[in-house]
Structures are given as C-alpha cells and as structure tokens.
Amino acid sequence: MFIRWSDIFKTHIEIIDEQHFKLIAIINELYSAYYKGTYSESINEIIGRLTECSVNHFDTEEKILDEIKFPAKENHILDHRRFKKVIDQFSSSNDIQSDIAFYELFEFLNDWFMNHILVKDREFIPLYNKHFSKKTN
Ligand SMILES: [Fe+2]
Ligand SMILES: [Fe+2]
C-alpha cells in the first residue's frame, strides 16, 4: 500500500472525500500490481481508470471553485492540469514498464498528495463552508 487513507485527508466535503478516496485506491492498486508482478498486463487499464477518475474529480472541484468564487482558482486549476499532463506523459511514454518510469511516477504522486491534497485542497474549505452555510441560513 502506497498511501493509507486516514482522517488527515478529509476535507469534510463529502463528494471530494469520496473522490480522493477512490483516487488513492487506484494509486494503491497500481503500486501493488508493480510489487505483485502483474504490472505489465494491468498498467494500461489502471492508468486509464486513474485518468478518468482524476479528470472527473478535477471537474467536480473546479465547479465548486467557480460556485464559491475562490480567488486562487486559476492557480488551483493549473495544478490540476499539471497532474493530467504528467499522467498523460507517463501513459504515452515508451518505457512505461521500466523501473525508472515507475519510481518517477510515484515520486510525483507522493509530492502531489503532500502538496495538493493536503495543502491546496484545504485552502478553499473555509470559503466553501462560508458559502454553503450562508445558503442554508
Ligand atoms: Fe482534490
Ligand atoms: Fe484540487
């Protein structure tokens, strides 16, 4: 297991937590395929799901950023595009099966979780809460 889901990942925005949970599950699947030796036959299928799930997640998040008028939206979106670009480059590279490609990908994913999910995705929570508590009052 590469990343163990824990409460520190929670934003307490249900849809986002669900999608982050799914992303982590797919990344863990890729990680264990590598160590179980099933990597070469399953990599394309797993990367396909990772791409689909992340695109779907970014779309959800970006709609929320739009709705709550998050001031740093553009910068946040750029970081989402960077993720997509790295995964696309990885999936279209000729040495996708190599150990180096694997280690580079997981170094990036580790960095992504530390800096995006645990930092950037938390930055809009106060505004989200303010926006939606106002609506229900
Ligand atoms: Fe996110
Ligand atoms: Fe995000």
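A quick note: this is a predicted structure, and the numbers were derived from the prediction, not measured.

## Here we look at the overall build of the protein chain
Then, number 1: Scanning the protein chain for helices and strands turns up five helices and zero strands.
Then, number 2: Across the protein chain, helices and strands are ordered from the amino to the carboxyl terminus as α-α-α-α-α.
Then, number 3: A principal-axis box enclosing the C-alpha atoms of the protein chain has dimensions of 55 × 25 × 20 Å.
Then, number 4: Scored against the burial criterion, the 137 residues of the protein chain give a buried share of 12%.
Then, number 5: For the protein chain, restricting intrachain contacts to residue pairs at least 6 apart in sequence, the fraction spanning at least 24 positions comes to 65%.

## Points about the packing of helix α3 (residues 73-92) against helix α4 (residues 99-123)
Then, number 1: Orientation of α3 relative to α4, taken along the N-to-C sense of each, is 165°, at an axis distance of 11 Å. Considering their axes alone, α3 and α4 lie roughly antiparallel with respect to each other. Handedness of the α3/α4 crossing: left-handed. Listed contacts from α4 to His76, Asp79, Phe83, Val86 and Phe90 of α3 are Ala101, Leu105, Phe108, Trp112, His116 and Lys120.
Then, number 2: Grouping the constituent residues of the contact of α3 with α4 by class yields seven nonpolar, two polar and two charged.

## Some thoughts on the packing of helix α1 (residues 14-36) against helix α2 (residues 39-67)
Then, number 1: At a closest axis distance of 10 Å, the pairing of α1 and α2 adopts a crossing angle of 165°. The angle between α1 and α2 falls in the class roughly antiparallel. The way α1 lies across α2 gives a crossing that is left-handed. Taken together, the residues of α2 that come into contact with α1 (itself represented by Ile15, Ile16, Gln19, Lys22, Leu23, Ile26, Ile27, Glu29, Leu30, Ala33 and Tyr34) are Tyr39, Ser42, Ile43, Ile46, Arg49, Leu50, Cys53, Ser54, His57, Thr60 and Glu61.
Then, number 2: In terms of residue class, the contact of α1 with α2 is made up of 13 nonpolar, five polar and four charged.

## What about the nonpolar core?
Then, number 1: Listed in full, the ten residues of the largest apolar core are Leu23, Ile24, Ile27, Leu30, Tyr34, Leu50, Phe83, Leu105, Leu109 and Trp112.
Then, number 2: Looking at which element gives the most residues to this core, the answer is α1, with five residues.
Then, number 3: Excluding residues within four positions of it along the chain, isoleucine 24 makes contact with Ile3 and Trp5.

Conventions we followed
Residues numbered from 1 in each chain as written. Chains lettered and ligands numbered in written order. Predicted model: local features only at pLDDT ≥ 70, side-chain atom pairs only at ≥ 80, totals over all residues. Helix = DSSP H or I, 4+ residues; strand = E, 2+ residues; numbered from the N terminus. Buried ≥ 20, exposed ≤ 12 C-beta atoms within 10 Å, placed from the backbone. Contact = placed C-beta atoms within 7 Å. Axes fitted to C-alpha atoms, helices over the stretch in contact; angles between N-to-C directions. Parallel < 35°, antiparallel > 145°, perpendicular 65-115°, else oblique. Left-handed = near helix turned anticlockwise from the far one by under 90°. Nonpolar A, V, L, I, M, F, W, Y, C, P; charged D, E, K, R; others polar. Core = buried A, V, L, I, M, F, W, Y, C linked by C-beta atoms within 7 Å.

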